[in-house]
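Topology and contacts: notes
Listed below, chain by chain, are the residues.
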Amino acid sequence: PWPKDRAGVDGGAFRLFETLRVEADGSVPHLDAHFERLSRSAAAFGWPVPQPHHRAALQAHAAGLKGQGHVHRLRWDWSGDVGRDVVGGDDSLRLSGGLLSTTLPEVVDLLLSHEPLPAAEAAWVGHKTSHRASYDAAIRAAEAQGAFDTLFFNAQGALTEGARSSVFVRLDGLWTTPPLRCGLLPGVMRAHLLADASLAMVERVLTRADLARAEAVWVGNALRGVLPARIRHVDPVAQVQQALVHAHQSGSCLDPKAFRGLLVSAAQAEAVQHGVGLTLGWWDELSAAAFWKSGGARLDAISHAPLPPRGSASWHAPGVEAEIAFRLGRDVDAALAATLDQAAAEALMDAMAVSIEVVDSRWRNPAQAEPWLRVADGQSHAALVLGPWRPLAPQHDWAQQGCTVQIGGRMGRQMAAAHGRHALGHPAAVLPAWLRHATQGLHGETRVVRAGTVVTTGSWVGTLPVQRGDTVEVDFAGLGRAVWCWSDPA
């Protein structure tokens, strides 16, 4: 029942295999462990298991390499029918290999995979099988760049293994390795190190953030032993950016716990946000976006995010926020933006509108995502609904302004009305910081924010959940209302 009931994939024709090291004296280190692992896998597939005479034939083959003065690589293939063959020599064991190159640097370089294994391959990782096209491609890609291996992560963002090695990470003075439940092969060298009492190695779920702060990294397999390693280009901005790009392109979501601690500043979060937009073609290097979100609970903690173009991102679990939007009445460059206080910035706006911001996230559970991760994901910005534009009211008493949100569903679901006030007391409070941000590029270049650009200015009631078919009504007493029905595909 393995191919469909247990793995969820069609097994087709495949092989089990072991890659063994044959020393110059013809001995095979860890032969017992290799023999036991292959036997366990064969039994799991309902195949005949290797017998003592197969082991004896393998050892005889290895002994025949003695005297050549070289270490050899020996591959032992096993399939559902090979165990039924009459042992008549090496051919029945399907042994192959050659000299093992020993020209490796003292510290090997590792790459990080941008994507998890496809499900059709991930189902097989607990056994060493020929279902490993992505691993083989990753090895070729690493070698082409002068690296030894590529490390993979599962769909939840947890570190699993290299394409041809187990991985070991020293954190806070303790050696750790990913547990088998994360989706990895029970490596022979991995088991050997876990059994070494002098190392006191433990199993632990590891993330990209753990790799970024690692005190040391090893990779190892039975063929090469243990190799000191370094992660090439461990750039936290690049790691989060690549993961978010993949999530957008695939319509998938990321586990924020796997990225905990990677981003520690607004500059890093905004660099991710900018890089994702550039990669996906949402905006270019020179132009400021036409629609923005800006807001925060304190003046010293305001974040900003441009709105992606219509239809550019699939939705996961959207919510809604009630906000006031402003429209810029003239072009603003960096020099002007640098001089603005709240009153001067508000004077540059030519209209205001009640707005509904639809928020969403590529984080599986946005509430668990650290603040800079939420900012990196465009502050979870998905869409914007604008009510009618109206003239500004410079003398309006915003401290007394209330806001009410009601959400009703086609099936009678009704959320109790939510009431709120603006976190900063005045929606225009965000405008100077937003204009300075929008006119500054990431690399010191400046931009012009064009007349007609729209910015929303922070939620009055927090983020409220919404379902397809719901109607959302936002009412700012005396200022107007906006209505949105989520009826069309996002």
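What counts as what
- Residues numbered from 1 in each chain as written.
- Predicted model: local features only at pLDDT ≥ 70, side-chain atom pairs only at ≥ 80, totals over all residues.
- Heavy atoms only, no water.
- Axes fitted to C-alpha atoms, helices over the stretch in contact; angles between N-to-C directions.
- Helix = DSSP H or I, 4+ residues; strand = E, 2+ residues; numbered from the N terminus.
- Parallel < 35°, antiparallel > 145°, perpendicular 65-115°, else oblique.
- Left-handed = near helix turned anticlockwise from the far one by under 90°.
- Contact = heavy atoms within 4.5 Å.
- Nonpolar A, V, L, I, M, F, W, Y, C, P; charged D, E, K, R; others polar.
- Pairing = 2+ DSSP bridges.
- pLDDT = per-residue confidence, 0-100.
- Salt bridge = Lys/Arg side-chain N within 4 Å of Asp/Glu carboxyl O.
- Buried < 20%, exposed > 50% of the residue type's maximum accessible area, 1.4 Å probe, protein only.

**Quick notes on the packing of helix 9 (residues 236–250) against helix 10 (residues 266–279)**
Between helix 9 and helix 10, the shortest axis-to-axis distance is 9 Å and the interhelical angle comes to 40°. Relative to helix 10, the element helix 9 lies oblique. The element helix 9 and its partner helix 10 pack so that their crossing is right-handed. Taken together, the residues of helix 10 that come into contact with helix 9 (itself represented by P236, V237, V240, Q241, L244, V245 and H248) are Q268, A271, V272, G275, V276 and T279. Of the residues in the contact of helix 9 with helix 10, the class split is 8 nonpolar, 5 polar and no charged.

**Details of the sheet that holds strand 1 (residues 16–22)**
Strand order in the open sheet made by the 3 strands is 1-2-3, with antiparallel pairing throughout. Because the sheet does not close on itself, it has two edges, and the strands there are strand 1 and strand 3 (95–99). On average, each strand axis in the sheet is tilted by 20° relative to the strand beside it, whichever way the strands run. Alignment of strand 1 against strand 2 (residues 72–78), held across 7 bridges, turns out to be antiparallel. Following the sheet pairing, V22 is matched in strand 2 by H72.

**Brief notes about the confidence of the model for the protein**
Any region with low pLDDT has predicted coordinates that should not be read closely. Across the protein, the average pLDDT comes to 87, with 91% of residues at or above 70. Across the protein, strand 9 (residues 202–203) holds the top mean pLDDT of 98, while helix 1 (residues 2–6) sits lowest at 41. Confidence over residues 1–11 falls short of pLDDT 50; this stretch has 20 contacts with residues more than four positions distant or in other chains. Scored below 50 in pLDDT, residues 85–91 makes 9 contacts in the model with residues more than four places away or belonging to other chains.

**Regarding the pattern of salt bridges**
Where charged atoms from two side chains of opposite charge approach closely, those side chains can pair. Taken as a whole, this structure holds 22 salt bridges when the rule is applied. Measuring nitrogen to oxygen at the nearest pair gives 2.8 Å for the salt bridge that ties D300 to R298. Given a relative accessible area of 62%, D300 falls into the exposed group. On the basis of relative accessible area, R298 is assigned to the partly exposed category, the value being 49%.

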